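Next come the chains, spelled out residue by residue.
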Number of protein chains: 2
Amino acid sequence: MQILSSVKKALELLDHFTVERPELSLAEISREVDAHKSSVFRVLTTLKAAGFLEKDSLSGKYRLGLKILDLAGRVWGRYDIRQIATPYMEELARETGEVIHLAVLDGSDIVYLEKKGQGQGQVLTVATRLGGRNPAYASSMGKILLADLSKSELKAIFGRGKLEKLTPNTIDEIPKLIEELARIREQGFALDNEETFPGIRCVGAPIRDAGGKVVAAVSVTVPAQRMDDKRVRELWRLVTNTARMISERVAASKMEA
Amino acid sequence: MQILSSVKKALELLDHFTVERPELSLAEISREVDAHKSSVFRVLTTLKAAGFLEKDSLSGKYRLGLKILDLAGRVWGRYDIRQIATPYMEELARETGEVIHLAVLDGSDIVYLEKKGQGQGQVLTVATRLGGRNPAYASSMGKILLADLSKSELKAIFGRGKLEKLTPNTIDEIPKLIEELARIREQGFALDNEETFPGIRCVGAPIRDAGGKVVAAVSVTVPAQRMDDKRVRELWRLVTNTARMISERVAASKMEA
DNA sequence: AATCATCGTTGCATAATTCGAAATGGCATT
DNA sequence: AATGCCATTTCGAATTATGCAACGATGATT
């Protein structure tokens, strides 16, 4: 494996900038990465010169730069599905009064492509973000996407070990996950029963391309206290309907995701 | 200036991946950057390991990776204005039947934060993209944003040279631009008269924060053949109304851009 | 089937680059 | 004024990235 260590270090430095901590000083970063200040300064300067970071002229702190949006715009071009799905998600958000997500599978994670709706002013909601990720095996959308993979594909992704528990409810044994995925294939939707986030349940449904392959998933996200069995059945009907409509549009546009 | 040259090279390599050419092979990139294949291979491998590139397993070609979306999601968090403006832009797109843009100033460029509407099926439209950039001095939105800067701020951005002409109509002399900006401050909107893209005209208006500072701009983009003086007046009224409504919402939400 | 050209990947010695320590100036606090 | 912390720069030593050569795989051509 031929990794350039100074390039790796520079790229990893970007990960320290988060939504919670969008601005950081040289000193803060040096302490966090446990590297000498002058080295970190040079990395920051390089990232800034390339537009990946910018520096607030008043505070002298660094934050992620707009070059990243420029590059991101080039990535979104691959996901026409997002444009197609947006009006349907908006309609579903109005209909249900809940938060709606769209995601694709990347490796063993889902990646959020779109999020619509504000929920019902509840305190408990999900801190998800465009481009953000969660383990596929815990989330309704992830399980939908995994259910469309072959045994060997699943093995290549998860191996034979135990899965990390995100909550007490997370399925952490691969045989149980395989069972769950078989059930999902049968019933055509998936439930996240407080497996990704405590207190949050989701119902997810598959978006298929013209060839029937599951290329994305859409879900309704609800606080557990509002998600009884009656509500599950209701949302299942709505979200699978939305997914089917998106799928038809996807197929009609010869979309490739 | 302390630039790490190997990090710089790696970051610059990302720029070779565009919407037009989303996938590239090792050999293609090596030829383009005029560097040895084995060096480029190691850079690609490092970028791939960090998620900035991914490799199509069938073609072996590289493309931009989803880590970029992850980071972009953290940048968007700075632009609450985008969420606020979206419904108003959608309404304006319906009302005018044209393409609507939202942008902010970054250095001497505008950066597109949002784009709504499809225009009227015309062949001639603008290839703009979320996160994409254009020189501020040529575009209606850019001129709106520049008009809010002080003389010294403008001087720091543009210096004393000539500006690059994008089209025969582009203002390329700084004194003329300063005059134009003074006019814009007076009238409260700006016109791009085929200065950024040939055959394309835009009317732009300022979005202000609670303190009256211009923090973003919104514009209507029209093919020149459909933009007579009557249409200019009509669109000016609509776009400044939209900008005012967004500004009020921005001020109400104590937004910081 | 054999040959050729091109591709992607790896190992190694050398050249290039990066690193850390020390120094310096700026700013805020006492 | 003294102190502490910050950001930035210089320089020699240590480390890393580079380019070359080699290799196997693949596809096209003979």
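Our structure's up above, just so we're on the same page.
Residues numbered from 1 in each chain as written. Chains lettered and ligands numbered in written order. Predicted model: local features only at pLDDT ≥ 70, side-chain atom pairs only at ≥ 80, totals over all residues. Heavy atoms only, no water.

What should I look at first to understand the pattern of salt bridges in this one?
When the charged atoms of two side chains with opposite charge come close together, those side chains can pair. Tallied over the full model, the rule gives 51 salt bridges over all chains. Where Glu91 of chain A meets Arg94 of chain A, a salt bridge forms, and the shortest distance between an N and an O atom there is 3.2 Å. Taken together, the residues span about one helical turn, with Glu91 of chain A and Arg94 of chain A both in helix α5 (residues 80-96) at a distance of 3 residues. Under the relative-accessibility criterion, Arg94 of chain A is labelled exposed at 61%. One network of salt bridges, with partners in common, ties together Asp15 of chain A together with Lys67, Asp70 and Arg74 of chain B. (Salt bridge = Lys/Arg side-chain N within 4 Å of Asp/Glu carboxyl O. Helix = DSSP H or I, 4+ residues; strand = E, 2+ residues; numbered from the N terminus. Buried < 20%, exposed > 50% of the residue type's maximum accessible area, 1.4 Å probe, protein only.)

Where do I start with helix α1 (residues 5-14) of chain B in this structure?
At 3.6 residues per turn, the α-helix brings residues three or four places apart onto the same side. Of all the residues in α1 of chain B, the buried ones are Val7, Ala10, Leu11, Leu13 and Leu14 of chain B. Buried residues of α1 of chain B fall within an arc of 155 degrees about the axis and therefore sit on the same side. (Arc of directions from axis to C-beta.)

I would appreciate a short explanation of the environment of Tyr137 of chain A in the present structure.
Residue and element names in this part refer to chain A. Checked against the element boundaries, Tyr137 lands in the loop between β5 (133-135) and α6 (140-147). In this structure Tyr137 comes out as buried when scored by relative accessible area, which is 6%. Linking Tyr137 and Arg226, residues 89 residues apart in sequence, is a C-alpha distance of 23 Å. Not counting the four nearest positions on each side in its chain, Tyr137 is found in contact with Lys143, Leu146, Phe158, Leu163, Glu164, Thr170, Ile171, Leu177 and Glu195. A distance of 2.5 Å separates a polar atom in the side chain of Tyr137 from the backbone oxygen of Glu164. (Contact = heavy atoms within 4.5 Å. Polar contact = N/O pair within 3.5 Å; in protein donor to acceptor, adjacent residues only side chain to side chain.)

Please explain the pairing of strand β8 (residues 214-223) of chain A as it appears in this structure.
Each regular strand carries side chains that alternate between the two faces of the sheet. All names here are of chain A. Among the 10 residues of β8, 10 are classified as buried, and the element is accordingly described as predominantly covered. Here strand β3 (residues 99-106) runs beside β8; their pairing, made up of 5 bridges, is antiparallel. When the bridges of β8 are listed, His101 appears paired with Ser219. Where strand β7 (residues 200-208) lies against β8, 9 bridges are found, and the strand directions are antiparallel. Looking at β8, one finds that Arg208 is bridged to Val214. Remark: 5 residues form the turn of the hairpin made by β7 and β8, two consecutive strands paired antiparallel; Gly212 in that turn has positive phi of roughly 85 degrees. (Pairing = 2+ DSSP bridges.)

I'm lost on the packing of helix α7 (residues 151-158) of chain B against helix α8 (residues 174-187) of chain B in this one. Help?
Helix packing geometry: the angle between the two helix axes and the distance between the axes. Residues and elements named next belong to chain B. Put simply, α7 and α8 touch, their axes get as near as 12 Å, and they point 140 degrees apart. Between α7 and α8, the angle falls in the class oblique. Helix-helix and strand crossings are classified by hand; for α7 and α8 the assignment is right-handed. On α8, the residues touching Lys151, Leu154 and Phe158 of α7 are Ile174, Leu177, Ile178 and Leu181. Grouping the amino acids of the contact of α7 with α8 by side-chain chemistry returns 6 nonpolar, no polar and 1 charged. (Axes fitted to C-alpha atoms, helices over the stretch in contact; angles between N-to-C directions. Parallel < 35°, antiparallel > 145°, perpendicular 65-115°, else oblique. Left-handed = near helix turned anticlockwise from the far one by under 90°. Nonpolar A, V, L, I, M, F, W, Y, C, P; charged D, E, K, R; others polar.)

Mind showing me how you'd approach the packing of aromatic side chains here?
For any pair of aromatic rings, the description rests on two quantities: the centre-to-centre distance and the angle between the ring planes. Counted under the stated rule, the structure contains 4 aromatic pairs over all chains. Ring plane angle 80 degrees and centroid distance 6.0 Å describe the contact between Tyr137 of chain A and Phe158 of chain A, whose orientation is recorded as edge-to-face. Of this pair, Tyr137 of chain A sits in the loop between β5 and α6 while Phe158 of chain A sits in helix α7 (residues 151-158), placing them 21 residues apart in sequence. The two residues Tyr137 of chain A and Phe158 of chain A agree in class, both being buried. On the basis of an interplanar angle of 40 degrees and a centroid distance of 5.7 Å, the ring pair of Phe189 of chain B and Trp236 of chain B is categorised as tilted. Taken as a pair, Phe189 of chain B in the loop between α8 and β6 (190-193) and Trp236 of chain B in helix α9 (residues 229-252) lie far apart in primary sequence, 47 residues in all. The class of Phe189 of chain B is buried, set by a relative accessible area of 14%. The lysine or arginine in question, Arg82 of chain A, covers the ring of Trp76 of chain A, its NZ or CZ lying 4.2 Å from the ring centre. (Phe/Tyr/Trp six-rings, centres within 6.5 Å; stacked < 30°, edge-to-face > 60°. Lys NZ or Arg CZ within 6 Å of the ring centre and 35° of its normal.)

Before we go on, may I ask you to explain the interface of chain B and chain A in this structure?
Interface size is commonly expressed as the accessible area that is lost once the parts come together. Facing 49 residues of chain B, the contacting portion of chain A comprises 49 residues. Taken together, the two surfaces of chain B and chain A that pack against each other cover about 4,500 Å², and 68% of this comes from carbon and sulfur. Across the chain B-chain A interface, the total number found is 4 salt bridges. With a closest N to O distance of 2.7 Å, Asp15 of chain A and Lys67 of chain B form a salt bridge. The interface formed by chain B and chain A includes 11 residue pairs in polar contact (both at pLDDT 80 or more). Those elements that provide at least two residues to the side of chain B that touches chain A are α1, α3 (37-49), β2 (62-64), α4 (67-76), α5 (80-96) and β4 (109-116) of chain B. A total of 10 residues in the side of chain B that touches chain A trace back to one element, the largest contributor, which is α4 of chain B. (Buried area = accessible area lost by both parts, 1.4 Å probe.)

I tried to follow the protein's contact with DNA strand C on my own but got confused; where do I start?
Taken together, 19 residues lie near DNA strand C, and Ser39 of chain A together with Ser6, Ala27, Phe41 and Lys55 of chain B sit nearest. Looking at DNA strand C alone, sugar and phosphate atoms form 66% of those within 4 Å of the protein. Between DNA strand C and the protein, one listed contact pairs a phosphate oxygen with a side-chain N or O atom of Lys55 of chain B at 2.6 Å. Secondary structure elements with two or more residues in the surface near DNA strand C: α3 (37-49) of chain A together with α1, α2 (26-33) and α3 of chain B. Ranked by residues supplied to the surface near DNA strand C, first place goes to α3 of chain B with 4 residues. Among the residues making up the surface near DNA strand C, the classes are represented as 5 nonpolar, 8 polar and 6 charged. (Near = heavy atom within 4 Å.)

Is there a simple way to explain α3 of chain B in this structure?
For α3 of chain B, with 13 residues, the first-to-last C-alpha span of 18 Å sits near the 18 Å given by 1.5 Å per residue. Turning to α3 of chain B, its buried residues number three or more, namely Val40, Val43, Leu44, Thr45, Thr46 and Leu47 of chain B. Close packing links the buried residues of α3 of chain B with α1 (5-14) of chain A together with α1, α2, β1 (53-55) and β2 of chain B. Remark: Gly51 of chain B follows α3 of chain B within two positions and exhibits a positive phi of approximately 85 degrees. (Expected span 1.5 Å × (residues − 1).)

Teacher, can you tell me more about the relation of the copies chain B and chain A here?
What connects the two chain copies is a rotation about an axis and a shift along it. By a simple turn and slide, chain B fits onto chain A: the slide is 0.0 Å along the axis, the RMSD is 0.1 Å, and the turn is 179 degrees. The two molecules are tied by a two-fold rotation axis, judged by turn and shift. Of every C-alpha in chain B, the one belonging to Val7 of chain B sits nearest the axis of rotation, 2.5 Å from it. Counting the interface residues of chain B, we find that 100% of their copies in chain A are interface residues as well, pointing to one common contact surface. (Least-squares fit on C-alpha atoms with pLDDT ≥ 70 in both.)

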